[in-house]
Amino acid sequence: MKQDRTTGGMKVLITGGAGFIGSNFVRHILVAHASWEVVNLDKLTYAGNLANLKDVEQDPRYSFIEGDIADGDIVGRLMARGVDVVVNFAAESHVDRSIEDPSPFIDTNVRGTQVLLESVRKHHVTRFVQVSTDEVYGTLGQEGKFSEDSPLAPNSPYAASKAAADLLCRSYFHTYGLPVMVTRCSNNYGPHQYPEKLIPLVVTNAMEGKPIPVYGKGLNVRDWIFVEEHCRAIDAIIAQGRPGETYNIGADCERANIEIVYAILDIMGKPRSLVQFVSDRPGHDWRYALDTIKLNREIGWQPVYSLNAHLERTVRWYMDNEEWWRPLKSVDYYEYYERTYGRRRCQKTG
Ligand code: NAD
Ligand code: DAU
């Protein structure tokens, strides 16, 4: 079923819209669709930050509700006001935190998604997009790519919680006929990413003259996509995706972690001696890579941005927006950071 709703007015419930990708998506929708209304439901965890949306908060088409997707009352009240499309970004998203404590990942990523699905079942919603991840497929060796038909083999509590949510979405499509679509994207980079993730961590640590912890030998490979490309793909899937289907989203841009780290330090003119190789992440997936032919054939989407240009643009954004990230690297952050990296430093790999 091909549809193009871009001309009609739509009300979109974006969950987790105060986080990294969600806030970029809120902005994308408001710019791309003049007649659409956006409701952002976000619990404002450590990763949720209304400063990410300062430039749109006065827009009459935008509203923010603080709340938990696992709270059936709040979700039910919002849906009852009428929602056309739900895009679920809300999640605990950091693998290292899931290794420390998986519980919040189950609460939000699994239970929260089920609460949203249950509410969609009771109200008339034309599309539910579950924003998932390539991590549900597990890990690859040197060769090959994951297609949408690859088996799910998650290796971290984070990935397992996202895989569980994907399967709930599948079951709600098959059992109740809900118009659910799942997207699985690779590693995003861009403005407003919480500085616990590799790229903003490298830039901000380098600015502070702090060591940069690289897990293992830094040879694990990730497939990088600029966040706006991801947003554009989800928007296209809302318009043209088929209910019950899963779509991989990736930019075919594989890099070893150490290549990314050195590229950032080179852009910043900082010494490579800041790199500190530390013990590996437990269960660390070796490589991710996505086959995106389905997205290209069915939706006509393809990436247009180059990593070199947009990595530089991203690095400069963090260098120019110190007032955005400095408050985030506060007491809570350093407590977490020391717990995780302090231990890894003790087990340094040399
Ligand atoms: P993020 O951690 O930056 O943001 C998550 C947002 O969800 C925050 O605003 C947080 O406050 C909110 N949230 C958390 N629990 C909530 C709850 N119970 N109820 C309501 N809001 C809640 O994450 P991100 O990197 O922007 O990722 C967004 C989504 O995209 C996640 O579902 C993630 O699994 C997926 N994803 C991320 C990447 C990536 O590279 N970052 C890649 C593929 C998929
Ligand atoms: O692949 C998509 C996933 O990408 C998303 O689903 C997750 O939400 C998102 O967090 C991201 O997961 P990763 O674990 O790949 O991202 P992270 O930035 O944590 O790490 C990227 C790589 O860098 C990974 O191989 C681990 C390594 N790393 C990470 C950190 C934070 C380091 O070597 N040192 C670090 O300090």
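For the structure, check the block above.
Quick look at the structure, then. (Residues numbered from 1 in each chain as written. Chains lettered and ligands numbered in written order. Predicted model: local features only at pLDDT ≥ 70, side-chain atom pairs only at ≥ 80, totals over all residues. Heavy atoms only, no water.)

## Details of the site of ligand 2
Lining the immediate surroundings of ligand 2 are 22 residues, of which Thr133, Asp134, Tyr158, Arg281 and His284 lie closest. A distance of 2.5 Å is found between an oxygen atom of ligand 2 and a side-chain nitrogen or oxygen belonging to Asp134. Side-chain polar atom of Glu135 to an oxygen atom of ligand 2: 2.8 Å apart, as the coordinates give it. Against a free-state accessible area of 680 Å², the protein chains account for coverage of 94% of ligand 2. Among the secondary structure elements, those contributing two or more residues to the shell around ligand 2 are α6 (198-208) and β8 (212-215). With three residues, β8 is the single largest residue contributor to the shell around ligand 2. Formed jointly, the shell around ligand 2 draws a minimum of three residues from each of two domains, domain 1 (11-189 + 225-249) and domain 2 (198-221 + 253-285 + 307-345). (Near = heavy atom within 4 Å. Polar contact = N/O pair within 3.5 Å; in protein donor to acceptor, adjacent residues only side chain to side chain. Areas by Shrake-Rupley, 256 points an atom, 1.4 Å probe, with all protein chains shown as cover. Helix = DSSP H or I, 4+ residues; strand = E, 2+ residues; numbered from the N terminus. Domains from an automatic or database assignment.)

## Focus: the site of ligand 1
Neighbouring ligand 1 are 28 residues; Ile21, Asp42, Ser93, Tyr158 and Lys162 lie closest to it. Thr45 places a polar main-chain atom, nitrogen or oxygen, 3.0 Å from an oxygen atom of ligand 1. Here an oxygen atom of ligand 1 and a side-chain polar atom of Tyr158 are 2.7 Å apart. Protein chains bury 97% of the 830 Å² of accessible surface belonging to ligand 1 in isolation. Those elements that place two or more of their residues in the shell around ligand 1 are α1 (20-32), β5 (127-133), α5 (157-176) and β7 (187-189).

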